[in-house]
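Architecture at a glance
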Amino acid sequence: MRNRKLKCMMACAAILAAITVMSALPGSHTMEQKGNETVTEVTMDYAAQENVLPVTLLDMTSLDTQQQSSAQLTTPQGNMYRSELTNEWIDISLKNQRPVAIMVDNEKAALPHYGLTEADVVYEMMNSTANGRITRLMAIVKDWGKITRFGNIRSTRPTNFMLAAEWNAILVHDGGPFYINDWAAKPYSNNLSAGFKRINNGKNREYTEYVTTGELDNRIKAAGYSKDYNAYYSGPHFTFSDIEYDLSIYPEAMPCTEIDLSMAFPHNQSKLVYNAATNTYDYYEYGKAHKDPQHNNAQLTFKNLIIQDTTFSQLDKNGYMIYNAIDVGRSGYYITDGKMIPIVWAKTGESTPTIYVRLTGEPLVLNTGKTYIALVPSDSWQNVVIK
C-alpha cells in the first residue's frame, strides 16, 4: 500500500510537470520568470470540488518535452495521415478539420443507436443522479462529413462543454437545462442545438431526432463556425504507439477480459467484454450487445478503455449534476488487449485536455484504435468490477 501511494505521488508530480508544458498553448495561464526557471500559476476555471487548488509548477526541460511527445510516425502514406483521435490512417484532407461531439440518448427506448460505430472516441457518463443514474453518450467524430444518420440526439449537460472543448469539437445536441447557458456562452464553446431531422420511427418525439446527410456542414456554415481547428485547439490529445503495445511488459499489469460498470451505471448495466478475435472490447448495455443498424448491425467495440474515478456536484434536487472534470491526481484504469494498468489523470482548465499517466509518472501510451472513456462517479468507484 505504501509503495502504491508513493507511485501515485510520483504520477501526480509528472502530471503537474506536463501541465506546465501546456501553459504555452492557447488559453493558457500567465507565466513569469524566476531565475532560470519558468513558474506557472495554474488557476482553475471551474472547481466545485474542495480539493482542487491552484498550484505553482516548475517548467519542464526541452528533453522532458520531447519525452512527452507522441511516438507515432509523422510521414503519411500517400494522401493519408494518422488521425490525432485514433492514430489510424485517414484522408489528409481531414487533417485540420475539427471533430464534432454528438450527444446520444442512452435510454433503452432510444435503441438502437444509428451511426455510433463511426465515432472515434465515445464518452459514457452519468446524466442524472435520478432514474437509476442513467447515462448519456458523447461521441467524438472526426470525419463527420460521411454521416448519413447518427443518433438519436438528445440534450447536453455542463460537463459536456468542458469535455468537447478538450478536442476543440463542435458540440451537437438538443437543448439542455438552464445550467448549460453560461457554458454555451464560453468563448471556446461552439455548439449546434436542436433543429436536426425528425425521423418517424414509431417512438415518442424525444427519440426521433437524428443528424443526417449534409446537416452538419450546412449548420456549421450558418452558425459562422470554423470547420478547422481554431485558436483554442491544444494539439493532439493522446500519445499513441504505431506498433501493438503490450501492457504485460509492466509489473503492475493485470488480466482484464471484462470490466463491469453495472453497479456504477445501474440503469444501463454497462459492461465491456474482451473479444480475443478482434483484440477489442465489445460494449454491452441492458444485457445485450450494442449493435449499429446503420452499418449492418456492427458491434460497437473499442481498442482502448479509459475508466476515470470522478467526483461530482449535485446542482438541484431534480438530479441535475456536474462532474468535477477539473481535478488533479485522481485514479483510473487503462485497458487494452486483455490487460489493465492503473493510471492517474488530471485536468486543469475548462478547455485543456485531460492528461493520463502511469503510476510511475510516464505518459500513458495508447494502442491505435477507438477509445471508450467512462466517467465513473467516485461514490461508485469501489463498485467497478474487473474480471
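In what follows, the accompanying structure is described.

Each helix and strand in the chain was counted, giving five helices and 31 strands. Split into buried and exposed, the 387 residues of the chain put 55% on the buried side. Here the contacts in the chain between residues at least 6 apart in sequence split such that 65% fall between residues at least 24 apart. For the chain, the computed accessible surface area is about 16300 Å², with 51% contributed by carbon and sulfur atoms.

Negative phi characterises most residues that are not glycine, and trans characterises most peptide bonds. A cis amide bond, omega 0°, links Leu111 with the succeeding residue Pro112. Checked against the element boundaries, Pro112 lands in the loop between strand E6 (100-104) and strand E7 (121-126). Following Gly151, the chain continues to Asn152 via a peptide bond in cis, the omega torsion being 25°. Within the secondary structure, Asn152 sits in the loop between strand E9 (149-151) and helix H3 (158-166). We note that Asn131 has phi near 55°; this positive angle belongs to a residue other than glycine. Along the chain, the position of Asn131 falls in the loop between E7 and strand E8 (135-141).

Next up on the list: the sheet that holds E9. One open sheet accounts for three strands, arranged E9-E13-E12; its pairing is antiparallel. Looking along the sheet, the strands with just one partner apiece sit at the ends: E9 and strand E12 (197-198). Relative to strand E13 (residues 209-212), E12 runs antiparallel, the two being bridged by two bridges. Bridged to Arg198 within E13 is Glu209.

Attention shifts here to the pairing of strand E17 (residues 271-275). Because side chains alternate across E17, one face comprises the buried residues Leu272 and Tyr274, and the other comprises Lys271, Val273 and Asn275, none of which is buried. In this sheet, E17 lies alongside strand E16 (residues 258-260) in antiparallel orientation, the contact comprising three bridges. Within E17, the position partnered with Ile259 by the bridge is Leu272. Relative to strand E18 (residues 280-285), E17 runs antiparallel, the two sharing five bridges. Bridging across to E18, Tyr274 finds its partner in Tyr281. Between E17 and E18, which pair antiparallel and follow one another directly, the connecting turn spans four residues, one of which, Asn279, has a positive phi of 55°.

Once that is clear, we can look at the nonpolar core. Among the nonpolar cores identified, the biggest contains 84 residues, and Tyr123, Leu261, Ile307 and Tyr372 are the most heavily contacted of them. Excluding residues that lie within four positions of it along the chain, Tyr372 makes contacts with Val122, Glu124, Leu261, Phe265, Leu272, Tyr283, Phe302, Asn304, Leu305, Ile306 and Ile307.

To continue, consider helix H5 (residues 215-223). Three or more residues of H5 are buried, namely Glu215, Leu216 and Ile220. Taken around the axis of H5, the buried residues stretch over an arc of 120°, which confines them to a single face. Opposite its buried face, H5 presents the exposed residues Asn218, Lys221 and Ala222, each directed more than 90 degrees away. Buried residues belonging to H5 abut E6, strand E10 (170-173), strand E11 (191-193), E12 and E13. Residue Gly224 follows H5 closely and has a positive phi angle near 80°.

This next bit is on the side chain of Asn191. You can see Asn191 is positioned in strand E11. Look at Asn191 and you get buried, because its relative accessible area is 16%. Once you skip the residues sitting within four places of it in the chain, Asn191 turns out to touch Phe161, Ile170, Leu171, His173, Ala184 and Tyr225.

On to the pattern of salt bridges, then. Working definition: two side chains of opposite charge can pair if their charged atoms are close together. A complete count under the given rule lists 17 salt bridges for this structure. Between Lys142 and Glu84 there is a salt bridge, with its nearest N and O atoms 2.7 Å apart. A residue pair is termed long-range when its members are at least 10 positions apart, and Lys142 in the loop between E8 and E9 and Glu84 in the loop between strand E4 (80-82) and strand E5 (89-91) qualify at 58 residues. For the pair shown, Lys142 and Glu84 are each scored as buried. Among the charged side chains, a salt-bridge network with shared partners connects Asp174, Arg198 and Glu209.

Burial of strand E27 (residues 339-347) is extensive: eight of the nine residues sit out of reach of the surface. Alignment of strand E15 (residues 254-255) against E27, held across two bridges, turns out to be antiparallel. Residue pairing across strands places Met254 opposite Met340, the latter belonging to E27. Looking at chain direction, strand E26 (residues 327-336) and E27 are connected through nine bridges and run antiparallel. Counterpart to Thr336 in the pairing with E27 is Lys339. Between E26 and E27, which pair antiparallel and follow one another directly, the connecting turn spans two residues, one of which, Asp337, has a positive phi of 50°. Bridging between E27 and strand E28 (residues 355-358) involves four bridges; their strand directions are antiparallel. By the bridge assignment, Ile343 is partnered in E28 with Arg358.

So, about the packing of aromatic side chains. Evaluation of the coordinates by the stated rule reveals 12 aromatic pairs. Each ring, one from Tyr229 and one from Tyr233, has its centre 3.6 Å from the other, and the planes form 10°; the classification is stacked. With a relative accessible area of 16%, Tyr229 lands in the buried category. Aromatic side chains Phe238 and Phe240 sit 5.8 Å apart centroid to centroid with 90° between the ring planes, which places their arrangement in the edge-to-face category. Like Phe238, the residue Phe240 is buried in the burial classification. What links up through ring pairs into an aromatic cluster is the set Trp167, Phe238, Phe240 and Tyr356. Lying over the aromatic face of Tyr210, Arg149 brings its terminal NZ or CZ to 4.3 Å of the ring centre. Sitting over the face of the ring of Phe196, Arg219 holds its NZ or CZ atom 4.4 Å from the ring centroid.

Reading guide: rules and limits
- Residues numbered from 1 in each chain as written.
- Predicted model: local features only at pLDDT ≥ 70, side-chain atom pairs only at ≥ 80, totals over all residues.
- Heavy atoms only, no water.
- Helix = DSSP H or I, 4+ residues; strand = E, 2+ residues; numbered from the N terminus.
- Buried < 20%, exposed > 50% of the residue type's maximum accessible area, 1.4 Å probe, protein only.
- Contact = heavy atoms within 4.5 Å.
- Areas by Shrake-Rupley, 256 points an atom, 1.4 Å probe, with all protein chains shown as cover.
- Pairing = 2+ DSSP bridges.
- Core = buried A, V, L, I, M, F, W, Y, C linked by side-chain atoms within 4.5 Å.
- Arc of directions from axis to C-beta.
- Salt bridge = Lys/Arg side-chain N within 4 Å of Asp/Glu carboxyl O.
- Phe/Tyr/Trp six-rings, centres within 6.5 Å; stacked < 30°, edge-to-face > 60°.
- Lys NZ or Arg CZ within 6 Å of the ring centre and 35° of its normal.

As far as function goes, none of this settles anything; it's purely spatial.
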